[in-house]
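# Commentary on secondary and tertiary structure
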Amino acid sequence: MSSSVQAELTCFEASCRKRFAITEVLYNCPKCGGLLETTYSGPRPSAGELRDLFRQRRLSNAPLDTSGVWRYRELFPFLNDPKYVVTLREGNTPLLEAPIAAQYGGLDRIAFKHQGFNPTGSFKDNGMTCGASQARRLGMQRVACVSTGNTSASMAAYAAAAGLEALIFLPHGNISFGKLAQALEYGARTLEVEANFDQILALVRVLAERLGIYLLNSMNPFRVEGQKSIIFEMLEQRDWNPPDWIVLPGGNLGNTSAFGKALREARELGLIQKMPRLAVIQAEGAAPFYELFHQGGELHAVGKPETLATAIRIGDPVSWPKALHEVRSSCGTVERVTEQEIADAKAMIGRAGVGCEPASAATLAGIRKLTASAVIAKNADVVAVLTGNVLKDPDYIYKYHTGKLEAPGGVKIRGTFGNQSIVVPNDPDRIAALLQ
Ligand code: F0G
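## A word on the sheet that holds strand β9 (residues 214-215)
An order of β8-β7-β6-β9 is seen for the 4 strands of this open sheet, with the pairing classed as parallel. Only two strands of the sheet have a single partner each, and these edge strands are β8 (189-193) and β9. In terms of strand pairing, strand β7 (residues 165-171) meets β8 through 5 bridges, oriented parallel. Within β8, the position partnered with L170 by the bridge is E192. Together, β6 (142-146) and β7 form the strand contacts of helix α5 (residues 150-162), whose direction differs from that of β7 by roughly 170°.

Dropping the structure here:
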C-alpha cells in the first residue's frame, strides 16, 4: 500500500487540530475531547490516474480489487500493509432507478444506492472492513460495539472472518430479530442490556478502556474511512458526475460524517468539480439533529428516543459535530418524518421492486416532504442511500401489510399500501374463481 503518503489521526475541532500517530488507540482527542479523523499528507496520484486505476481494477480478480471498498484504497491510505485486510467483498452495491418511487417522492427521477446488497445486508460492512483491518494491524484480540443491530451484525461477521473475538452490546427488546440472529450466527458474544443505545455507548466506552477492547462504533475514524467508499463507488458508477442531492437517514451520524468527508476529499483531489448537497432524514421521535440544524447552538439529546425504525432510534448522536459541519458546508438540509410517512415510503420502495428496512425508507419519506416544500426541485438529480436490506426486519413488514403495525405510544399505522396474503382451500375451482 502507498508508502509515500503520511497518515495521521487529527482532532476534528478547528480550534485544536492536534495530531496523533495513526497507530494510537484513540476515539477522541486526549487534549480537547473532540472527535478524531484520519488525515493524509504527501504526494497523491492525479484524478486521471485514480479514475483509470479504479476502472482497471474491475478486470482484476485479486481480493482487494474485488472489494467495492478496497478498490478505492488510495482514497483512504491509512493501512501500511495489505496483509491486515479482512474483506468479505463488501460494497459493489447497485445504483437502482425506481420510477414509481420517484413519482411518490415528487421527483422526475431517483436512483437508490442500495447498501443492503452488502455481505451482512447493510452499509456497515463498508466501514467495518476498515475498522476490523485496523484492529488486526494494532494487534487487538477483542473488538466491541453497541448497536441498534446492523453494526453488530457486521462486526460479528468481520471479527469472525478475521479471527477476532466479538463482544456485542444491544438495547434489550429494541433491535429487530433478524439483526440479533446474525450476531448469534456469526458467533459473537452478545449481551442485551436493559438500557437504550446512548446509555449503552457510555457503558461500552468504560468497559473498552478497562478491558483493553478495541471499540468499533462509528466514532472509530477507520470505520468512517471505509464508509467514504459508498460515495466513491456511487460517483464512479455515474462516471464521476455528482448528483444535485444525496439523501440519507441519520442516526448516530457516522454516515453523514463519512459522506461529507468523501465529497470534500473527492473535490480536493479533482475527482469531482461540484459538491452535491446532503439531506439527512431523521425519524420524528429521534430527531435531535433536526432540532440542532434548525435551531442552532449545541445538540440537545433526546432522552427517550422512539421510532419503529429501530436502526435510527438514537437520541444523543456521537458524530454530530462532524455531521453538522458536513451538512452545512454542502449547503444541505435536515428533515424529519413521521412513523406513518416512513412506513408508506417503505412500502413504495418495495413496490418499486427494490425494498429496504424501515430506517432506509426515511430517505424517500424525507424527499417527499422536501419536494413538497420546494427545497428539492422536481427535476433535481437525486441519489438516495438505502442503508439496509428488506429482510432485516420482516416483522415490521408483516405487521404493516396486515394492519397491525403500531407506532410507539400505541398509535396505529395505516397499511396504506397494504398487501395481505389470502388463505385458500386446495381447490382449483375456488382458486380460479377468486383470481378471475
Ligand atoms: N440506517 C441503518 C439501516 C442503520 O443501521 C443506521 C445505524 C443508520 C441508518 C444511521 O446511520 O448512525 O451513521 O447515522 N445503525 C447503527 C447500528 C447505529 O448500530 O447499527 P448513522
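## Notes on the nonpolar core
Counting 104 residues, the largest nonpolar core has W70, L75, F76, F78, Y214, F259 and F289 as the members making the most contacts within it. Beyond its immediate chain neighbours, meaning those up to four positions away, L75 contacts Y40, R44, L50, F54, E225, K228, F232, E265, L269 and L271. Within the second largest apolar cluster, 42 residues are counted, among which are A102, I110, A343 and A380.

## Topic: the site of the ligand
The immediate surroundings of the ligand are formed by 20 residues, with S147, G251, N252, L253 and T387 found nearest. Here N252 contributes a backbone N or O atom positioned 2.7 Å from an oxygen atom of the ligand. Within the backbone of N255, an N or O atom sits 2.8 Å from an oxygen atom of the ligand. Across the complex, the protein chains shield 99% of the 480 Å² of accessible surface that the ligand would expose by itself. For the shell around the ligand, the elements supplying multiple residues, two or more each, are α5 and α9 (254-268). Broken down by class, the residue content of the shell around the ligand amounts to 7 nonpolar, 11 polar and 2 charged.

## Considerations on the layout of surface pockets
If you add up the space inside the largest pocket, you get close to 380 Å³. As for the largest pocket, its lining consists of 19 residues, and the residues nearest its centre are F12, R17, E37, K261 and R264. Secondary-structure elements contributing two or more residues to the lining of the largest pocket are β3 (36-41), α9 and α11 (320-329). At 5 residues, α9 tops the list of elements feeding residues into the lining of the largest pocket. Considering only residue class, the lining of the largest pocket consists of 8 nonpolar, 3 polar and 8 charged. Lining the second largest pocket are 19 residues, with L308, T310, D393, D395 and K399 positioned closest to its centre. At 4 residues, helix α14 (residues 394-401) tops the list of elements feeding residues into the lining of the second largest pocket.

## What to know about unusual backbone geometry
The backbone of D239 shows a phi angle near 55°, a positive value even though the residue is not glycine. The topology assignment puts D239 in the loop between α8 (221-237) and β10 (245-249).

## Examining the sheet that holds strand β11 (residues 277-283)
The strands making up a sheet are joined through hydrogen bonds of the backbone, oriented either antiparallel or parallel. With mixed pairing, 6 strands are arranged side by side in an open sheet as β4-β5-β13-β10-β11-β12. The open sheet has two edge strands, β4 (95-97) and β12 (333-337), and neither has a second partner. Direction aside, neighbouring strands of the sheet carry axes that sit 25° apart on average. Where β11 and β12 come together, 5 bridges link them in parallel fashion. The partner of A283 across the bridge, within β12, is V337. Contacting β4, β5 (111-114), β10 and β13 (382-386), α8 runs over the sheet at an angle of about 135° to β5. Against the sheet, helix α13 (residues 358-372) touches β10, β11, β12 and β13, its axis set at about 105° to β12.

What counts and what doesn't
Residues numbered from 1 in each chain as written. Predicted model: local features only at pLDDT ≥ 70, side-chain atom pairs only at ≥ 80, totals over all residues. Heavy atoms only, no water. Pairing = 2+ DSSP bridges. Helix = DSSP H or I, 4+ residues; strand = E, 2+ residues; numbered from the N terminus. Contact = heavy atoms within 4.5 Å. Axes fitted to C-alpha atoms, helices over the stretch in contact; angles between N-to-C directions. Core = buried A, V, L, I, M, F, W, Y, C linked by side-chain atoms within 4.5 Å. Buried < 20%, exposed > 50% of the residue type's maximum accessible area, 1.4 Å probe, protein only. Near = heavy atom within 4 Å. Polar contact = N/O pair within 3.5 Å; in protein donor to acceptor, adjacent residues only side chain to side chain. Areas by Shrake-Rupley, 256 points an atom, 1.4 Å probe, with all protein chains shown as cover. Nonpolar A, V, L, I, M, F, W, Y, C, P; charged D, E, K, R; others polar. 1 Å grid on protein atoms, 1.4 Å probe; cavity = no way out; pocket = protein on both sides within 12 Å on 5 of 7 lines; lining within 4 Å. Points joined across faces, edges and corners; volume = space filled by probe spheres on them.

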